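Here are the chains, one letter per residue:
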Amino acid sequence: MKTQCATILPAAEEYDDYPSQYITGSSAAAAFAYELNELDMRCIFAELRDQTDCGSRGDIDGERCELDYKVFRIEAVHHYRTHLEQGGDSYCGVWEMVPVVDEDCFDVRRVYDEQGRDYPELVGRLNNYSAKIQG
């Protein structure tokens, strides 16, 4: 049979709360999660491209994509536009019409985190990167 005894602490001793200059509540790792470098942006657009390429509906203009990356939720729209040109094989002087892609890019509409805070500066950076890789 076990017996338990209550530990009695002296009531005369009080502890004070002293703020520390070293413990600030933020770290370099936490700050790194809210930054996007060029490798991150390349991975984001590669994942968006995979979402549209692997879809069963094919390329559709105005298709909305959502992506979770690090602490961010990214909403983008896929723009896809083609026109037909004469080319390919001919049969009895009649040429096939071949689709040529005019526009195939992403427009990032919103970037926000788990708490719902928007990051418009990241939207601008991602759209600038999209224009840069588009040519």
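Because the structure is a prediction, the values reported are computed rather than measured.

A. Representation of the pattern of salt bridges in the model. The tally for this structure, following the rule as stated, stands at 9 salt bridges. For Asp-40, the salt bridge is made with Lys-70, and the minimal N-O distance between the two is 3.0 Å. Of this pair, Asp-40 sits in helix H2 (residues 38-53) while Lys-70 is found in the loop between strand E1 (63-69) and strand E2 (72-91), placing the two residues 30 residues apart along the sequence. You can call Asp-40 buried: its relative accessible area is 7%. A salt bridge links Glu-103 to Arg-81; the nearest nitrogen and oxygen atoms lie 3.4 Å apart. One end of the pair, Glu-103, is in strand E3 (residues 94-113); the other, Arg-81, is in strand E2, with 22 residues separating them in the sequence. For Glu-103, a relative accessible area of 26% translates into the label partly exposed. Taking the relative accessible area as the measure of exposure, Arg-81 reaches 46% and is therefore partly exposed. Taken together, the shared-partner salt bridges connect Glu-66, Asp-68 and Arg-73 into one network.

B. Expanded view of the environment of Val-108. Counting through the fold element by element, Val-108 comes out in strand E3. For Val-108 and Asn-128, which are 20 residues apart along the polypeptide, the C-alpha to C-alpha distance reads 9.8 Å. Beyond its immediate sequence surroundings of up to four residues, Val-108 is in contact with Phe-45, Ile-74, Glu-75, Ala-76, Val-123, Leu-126 and Asn-127.

C. Highlighting the pairing of E3. Note that E2 and E3 share 18 bridges and pair antiparallel. Along E3, the bridge assignment pairs Ala-76 with Val-108. The antiparallel pairing of E2 with E3 creates a hairpin that spans 2 residues between the two strands, and Cys-92 there sits at a positive phi of about 60°.

D. Highlighting the pairing of E1. By the alternation rule, side chains of E1 split into Glu-63, Cys-65, Leu-67 and Tyr-69, which are all buried, and Arg-64, Glu-66 and Asp-68, of which none is buried. Of the strand pairs in this sheet, E1 and E2 are connected by 7 bridges, and their pairing is antiparallel. Of the residues in E2, the one forming a bridge with Asp-68 is Arg-73. Between E1 and E2, which pair antiparallel in sequence order, lie 2 residues; one of them, Lys-70, sits at a positive phi of approximately 55°.

E. Spatial organisation of the packing of H2 against helix H3 (residues 120-134). Relative orientation of the contacting elements H2 and H3 amounts to 75°, with a least axis distance of 11 Å. Between H2 and H3, the angle is such that the two are roughly perpendicular. In this structure, H2 uses Glu-38, Met-41, Arg-42, Ile-44 and Phe-45 to contact H3, whose residues at the interface are Arg-125, Leu-126, Tyr-129, Ser-130, Lys-132 and Ile-133. For the contact of H2 with H3, the residue count by class is 6 nonpolar, 1 polar and 4 charged.

Reading guide: rules and limits
- Residues numbered from 1 in each chain as written.
- Predicted model: local features only at pLDDT ≥ 70, side-chain atom pairs only at ≥ 80, totals over all residues.
- Heavy atoms only, no water.
- Salt bridge = Lys/Arg side-chain N within 4 Å of Asp/Glu carboxyl O.
- Helix = DSSP H or I, 4+ residues; strand = E, 2+ residues; numbered from the N terminus.
- Buried < 20%, exposed > 50% of the residue type's maximum accessible area, 1.4 Å probe, protein only.
- Contact = heavy atoms within 4.5 Å.
- Pairing = 2+ DSSP bridges.
- Axes fitted to C-alpha atoms, helices over the stretch in contact; angles between N-to-C directions.
- Parallel < 35°, antiparallel > 145°, perpendicular 65-115°, else oblique.
- Nonpolar A, V, L, I, M, F, W, Y, C, P; charged D, E, K, R; others polar.

Taken by themselves, the reported measurements are silent on function.
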